Structure formats: C-alpha cells, structure tokens
Amino acid sequence: MAFLEAKNLSFRYATKDSFSLENVSFNIQKGEFILLFGETGCGKSTLLKQWKPSISPTGEKKGELRFNGKLLKELGQREEAWKIGYVSQNPDNQIVTDKVWHELAFTLENLGHPSDEIRKRVAEIAVYFGITGWFHKSVSQLSGGQKQILNLASVMIAKPELLLLDEPTSQLDPIATENFMNLLSRIHTELGTTILLAEHRLEEAYAKVDRCMVMEQGELICFDKVSQVAKYLFEEKKSAFALLPLQARLPILMKREYSIVTVGQAKRFIEENMEKASMNIENIACEKRVPVLSFQNVWFRYEKNGVDILRDFSLSIGKGDFLAIVGANGQGKSTFLQLAAGILKPYRGKVKSKASKGISLLPQNPQDLFLKSSVKEELLTVSEEIDEIAERLELTELLDKHPYDLSGGQQQMVGLAKVLLTRPEVLLLDEPTKGVDQLKKKKLGSLLQKLNRKGITIVLISHDVDFCAAYANKAGMVFDGVMTAVGERHTFFLNQYFFTTTCLKICREVYEGMIIEEEVLEYGRF
C-alpha cells in the first residue's frame, strides 16, 4: 500500500479561471525522499499544500488524496498537526515566539503534552539539530540559516510521518544550504521520515533523493529515479532539462552520461574524460568609472547599544557598474543596500550619491511593495506605461491576478517590474533570483545586462553565486560588516574556493579561466 496516493488530482484557485493542477496521479512509498521541481508557476507549491489541509488554498478540487490508506480529508486537525509537518520558503514566516527554546516547545504546548515530556523532547531535538549553542538566544539574533534550522526542528519535534518543504533554502547562503540539506538527509536515513521537497536550487538535493517529480504547467510529466528523469528530459528535449543542476547537465551534454549526481563525481568525470583547455582572461578588466555611489568609513547599528552591523565599511560604485555582492547570511549585505537607498542612515561615516535620477530598491521580500488587489493595479501605481515591462517579465497573463495568489518567483518579477517602472539611475536588488527557476534566471540576467548597457548602475546581493558570475561585471564579498574583496568577476571568483561557482568547482583543473557553464560550452574541448 502506498503511503501517499494522488488520483486524478485537479485544483483551481477561487480567483482563477484555469486549473493550476490537472489530473495529477502518483504513489509515494513510506520513507521515500522525493524532490519536486519545475519552472516558476508550474504548480509545485500548490501541489505541496494539498497535502497539508490546514494551509491548503481555497478553490475547486477534484480527485482523491490518500494518506497511509486513509482519505486525507478525513484526517482530524490534531492528527494532521503531528503527522504532517511543513516548512515554508521564508524563515521568518513560521516563527511565532521570541526565544529559540520557546519556539521548540511551542508545538508540543499546543498539542497539550505534559511539561516534563516537553522539556525532555526539547533537549533531545536541540542536541540532534545542533541548536545547543544558541538555545537561549532571541530569534531576532539568528541568521537566516539558523532560523530555517529552527523551523525544521520545531516541525520535527512532533515526530511527523510526512515532512513537506517548499523551497526551504531559497534565502540561505551556499554553506547554510549545504548544512540544511545534510540535516534533511539525516532525517531521511536515520528516522525514516517521508520527505516531499519542492526546490529550484537542486545542487545539494539532487544527490540525496530517491526519486524526482517534474511538473510542467500544472501537469506531472515525469516521476522516476534521478538518472531516468535526466535521460527523459534530455532525450525528449524538455525545457525542464535546463533546471537540472550543472553537475548533471555537463556530463550529459559532453558524453551522454546520466549517472552523475554530485559535484565531486562530475569533477572526476571531467578530469578523466576531457582534454584540457583554457580561456584567456588577461585582457578582461573593469574600466575605472566616475563614482555614482560611495561609502566612506561607514558604521551602522540598529540599536544605540547594539552590535555594529557595518564596521568602517568603504566602497566606491562607478556609474554604469554591474556589481554583485555575495556572503553568508547575517553579514550586513541587506543593511548595506538599505543604506545605499537612503532608508537607513549611518551613525558614523558618509554615504554619498550622485544619482540625479534616483535610486530604487527591490527588497528581499517583494510583498513589502504590494498595496493593491491585482498585478495591473500594482504596476499602474507607478506608471501607466506597463505593457512593455509586463511582457519582458512574463507578467501579461498575470495582470488580473492578486499578487498574493502568485508563486514566490512570480512575486519577485512583479516587485522588479514596479521598481523598474520608476526608471532609476541606480538599481539595487536584494536576492532577485529567490524562487526563480533557471530558465527565468537567464531571461532576468539578460534583461539586467541590457539595462546596464543603457547606463543603469546595478548593485545586487545574492546567495546565487552562479547568477552573479554569469551576469555581473564586478563581484565582491561582505564578511562581518566589512567589504573584504571586490574586483572583476573572473578575478574574484577564480580566487575563491568555497563561495565560488559550481562550474569552477567542477572544471577548475581542466578548463582554465572558465567560471560559468556558457564559457565551458564555448571554449571547452569535447
């Protein structure tokens, strides 16, 4: 008997005319780790939420869902609460208390467990998830990665049989993402929990799962072992092939090798099968430009007696630069952007702007920009000329939708459209690729490069190192409130070992000077 069973599931949101899910059928066995992926807006989050009735969206539903042989709709609220766990994209959205220890205890308190049992289980979960070092901290002091681990631990303390995760690493840096995925793998292998994970960032998850589900426009087009899914997507020329992680795509493109799942395997494959090649980067340099935005020995803290977030921070951004900044969670990157936008003010040092046409910021949470009940109304609050930007960002068919009915990636595009309609001289972007699939990232990157060629200065911060390397012309890193390095993108990433591109991790020993997939495909020998 299947643990999870979907039969001809279709779903239409109350505010939509068309179905977001159409005739979806599948079986998942108890203890399986399943990866769900597809293009932005394909129905991943909608499908995931169908398995958690308390958060399932309102609309028309057809078909049947069974949980361990029982109709899901017959599950009581209490039974659902402890049998089905859910972790969302935004770490802040699930936290409900002010202290780490209280957050861990909250679920069991709500379920009415005795105090002695709560203390015992909280202690056990804190040790298992490595939380003991920050057990007594306020949640406001935690990094994004710590908050998401706390969310996961708070769900797992109820010992759920099914764990649902909706792009849980979308706001995490590469190191935090690896730590989080390793925890999921432990939960799967040591506890036998059934896991259904929806993700766009597949680099870490791809090697850890039992099977993959691929969705396309509300339909399930493939559900199989990882290697079989990769073969199907490539041979059938499906657009979702581009969504596979680079460690899987490169061996397929080079030698039709479908079994590679990790970066280490891909690295060995390239070194054993490919001829060495190089790309000349000696003539690649960033021209010196007139500063349009500068930070001079800036210090900033949120509270008078608080910790300094930026410390003696200095940076000059030239007119026409396209600068990408990377770094771990909690190092001051978002604070830097808010200072650049004039939202925050330093208590020491100076932020100087020569942007006569203004500076616009896309915040990390695009919902902060939403005021109206439709996408069209949102855009019209900025400008009446919305057709071109709506078409460029693939929003035309979404204009009549409520912004909160869109996927996370679609909300990012609506937020970006509002910001671009202000026609800024300097464009500041805080995690613009969050929730956006690989195909739409390429379109977004091309659009940003086109805007940059027209003279718009762009500064983005992102955990998406591959995106930064592919489209920016300069890159830098913030660590502990200080800009530790900044330079031409090739020079910067070639000198990095951990915060560097997937392509460089795989190809460093064979393809000299190449930091992104497009360079390997153009200059590599195969």
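Computed from a predicted structure; not experimentally measured.

K.L.:
What is the right way to read the overall build of the protein from this model?
P.N.:
Scanning the protein for helices and strands turns up 19 helices and 21 strands. Taking 2.2 N^0.38 as the reference for a compact globule, 526 residues should give roughly 24 Å; the C-alpha atoms of the protein span a radius of gyration of 23 Å, in line with that estimate. Counting only C-alpha atoms and orienting by the principal axes, one finds that the protein spans roughly 65 × 60 × 50 Å. Relative to its full complement of 526 residues, the protein shows a buried share of 55%. Sequence-distant contacts, at least 24 apart, represent 69% of the contacts inside the protein between residues at least 6 apart. Total accessible area computed for the protein in this model is approximately 23300 Å², and 46% of it derives from carbon and sulfur atoms. Averaged over its 67 positive side-chain charges, the protein has a centre that lies 3 Å from the centre of its 68 negative ones.

K.L.:
Looking at this model, I keep getting lost on the sheet that holds strand 12 (residues 291–300). Mind explaining?
P.N.:
The pairing of strands in a sheet comes from backbone hydrogen bonds and takes either a parallel or an antiparallel form. The strand order 13-12-15 describes an open sheet built from 3 strands, whose pairing is antiparallel. This sheet does not close on itself; its edge strands, each paired only once, are strand 13 (310–318) and strand 15 (348–353). Each adjacent strand pair in this sheet contributes to an overall mean axis angle of 10 degrees, direction not counted. Strand direction decides the pairing type here: strand 12 and strand 15, joined by 5 bridges, are antiparallel. Residue tryptophan 299 lies in a different strand from strand 15, and its bridge partner there is arginine 348. Here helix 11 (residues 333–340) sits on the sheet in contact with strand 12, strand 13 and strand 15, set at roughly 120 degrees to strand 12.

K.L.:
Mind showing me how you'd approach empty space enclosed by the protein here?
P.N.:
One water molecule sets the probe size; rolling that probe over the atoms shows where empty space is left. Applying the stated criterion across every chain yields a total of 3 cavities of 30 Å³ or more. Contributing to the lining of the largest cavity are 14 residues, with Ser170, Arg201, Thr433, Lys434 and Gly435 lying nearest its centre. A domain split of the lining of the largest cavity shows at least three residues from each of domain 1 (4–241) and domain 2 (291–508). Lining the second largest cavity are Arg392, Leu393, Glu394, Met413, Lys440, Lys443, Leu444 and Leu447. Per element, the largest residue contribution to the lining of the second largest cavity is 4 residues, and it comes from helix 15 (residues 438–453). When the residues that make up the lining of the second largest cavity are grouped by side-chain class, the tally is 4 nonpolar, no polar and 4 charged.

K.L.:
How should the pairing of strand 17 (residues 426–430) be read in this particular structure?
P.N.:
Both faces of the sheet carry side chains from a regular strand, because those side chains alternate between them. Burial within strand 17 is extensive, with 5 of its 5 residues counted as buried. Because side chains alternate across strand 17, one face comprises the buried residues Val426, Leu428 and Asp430, and the other comprises Leu427 and Leu429, equally buried. The sheet contact formed by strand 16 (residues 359–362) and strand 17 spans 4 bridges and is parallel. Bridged to leucine 362 within strand 17 is leucine 429. In terms of strand pairing, strand 17 meets strand 18 (residues 457–461) through 5 bridges, oriented parallel. In the sheet register, leucine 428 faces strand 18, and the bridge partner there is valine 459. For the crossover from strand 17 across helix 15 to strand 18, the handedness is right-handed.

K.L.:
Got a minute to help me understand the layout of surface pockets in this structure?
P.N.:
What the second largest pocket holds in volume is close to 1400 Å³. Around the second largest pocket, the lining is made up of 38 residues, and of these Ser140, Leu142, Lys147, Tyr302 and Gly330 lie nearest the centre. Of all the secondary-structure elements, those providing two or more residues to the lining of the second largest pocket are helix 3 (91–94), helix 6 (144–156) and helix 11. Sort the elements by how many residues they give to the lining of the second largest pocket and helix 11 lands first, with 5 residues. Looking at the lining of the second largest pocket, you find at least three residues from each of domain 1 (4–241) and domain 2 (291–508).

K.L.:
Can you help me understand the pattern of salt bridges in this one?
P.N.:
Any two side chains of opposite charge can pair if their charged atoms end up close together. Considering all chains together, one arrives at 29 salt bridges under this definition. For lysine 418, the salt bridge is made with glutamate 378, and the minimal N-O distance between the two is 2.9 Å. A residue pair is termed long-range when its members are at least 10 positions apart, and lysine 418 in helix 14 (residues 408–420) and glutamate 378 in helix 12 (residues 375–380) qualify at 40 residues. Judged by relative accessible area, glutamate 378 falls into the buried class, the value being 0%. One network of salt bridges, with partners in common, ties together Glu39, Glu394, Asp437, Lys440 and Lys443.

K.L.:
It is not clear to me how the packing of aromatic side chains should be interpreted in this structure. Could you clarify?
P.N.:
Remark: the centre distance and the inter-plane angle together describe each pair of aromatic rings, the angle taken between the planes. Counted by the stated rule, this structure contains 15 aromatic pairs. Look at phenylalanine 295 and phenylalanine 313: their rings are 5.5 Å apart centre to centre, the planes differ by 70 degrees, and that puts the pair in the edge-to-face class. Highlighted residues: phenylalanine 295 in strand 12 and phenylalanine 313 in strand 13, separated in sequence by 18 residues. Judged by relative accessible area, phenylalanine 295 falls into the buried class, the value being 3%. Where phenylalanine 467 meets tyrosine 471, the ring centres are 5.0 Å apart and the plane angle is 45 degrees; that geometry is what we call tilted. Of this pair, phenylalanine 467 and tyrosine 471 both sit in helix 16 (residues 465–471), 4 residues apart, which is roughly one turn of the helix. Neither residue differs from the other here; phenylalanine 467 and tyrosine 471 are each classed as buried. Joined through ring pairs, the aromatic side chains of Phe26, Trp51 and Phe223 make up one cluster.

Scoring rules and cut-offs
- Residues numbered from 1 in each chain as written.
- Predicted model: local features only at pLDDT ≥ 70, side-chain atom pairs only at ≥ 80, totals over all residues.
- Heavy atoms only, no water.
- Helix = DSSP H or I, 4+ residues; strand = E, 2+ residues; numbered from the N terminus.
- Rg over C-alpha atoms; globule rule 2.2 N^0.38 Å.
- Buried < 20%, exposed > 50% of the residue type's maximum accessible area, 1.4 Å probe, protein only.
- Contact = heavy atoms within 4.5 Å.
- Areas by Shrake-Rupley, 256 points an atom, 1.4 Å probe, with all protein chains shown as cover.
- Lys, Arg positive; Asp, Glu negative; His and termini not counted.
- Charge placed at Lys NZ, Arg CZ, Asp CG, Glu CD.
- Pairing = 2+ DSSP bridges.
- Axes fitted to C-alpha atoms, helices over the stretch in contact; angles between N-to-C directions.
- 1 Å grid on protein atoms, 1.4 Å probe; cavity = no way out; pocket = protein on both sides within 12 Å on 5 of 7 lines; lining within 4 Å.
- Points joined across faces, edges and corners; volume = space filled by probe spheres on them.
- Domains from an automatic or database assignment.
- Nonpolar A, V, L, I, M, F, W, Y, C, P; charged D, E, K, R; others polar.
- Right-handed = clockwise from strand over helix to strand, strands pointing away.
- Salt bridge = Lys/Arg side-chain N within 4 Å of Asp/Glu carboxyl O.
- Phe/Tyr/Trp six-rings, centres within 6.5 Å; stacked < 30°, edge-to-face > 60°.

What is shown is where atoms sit, not what they do.
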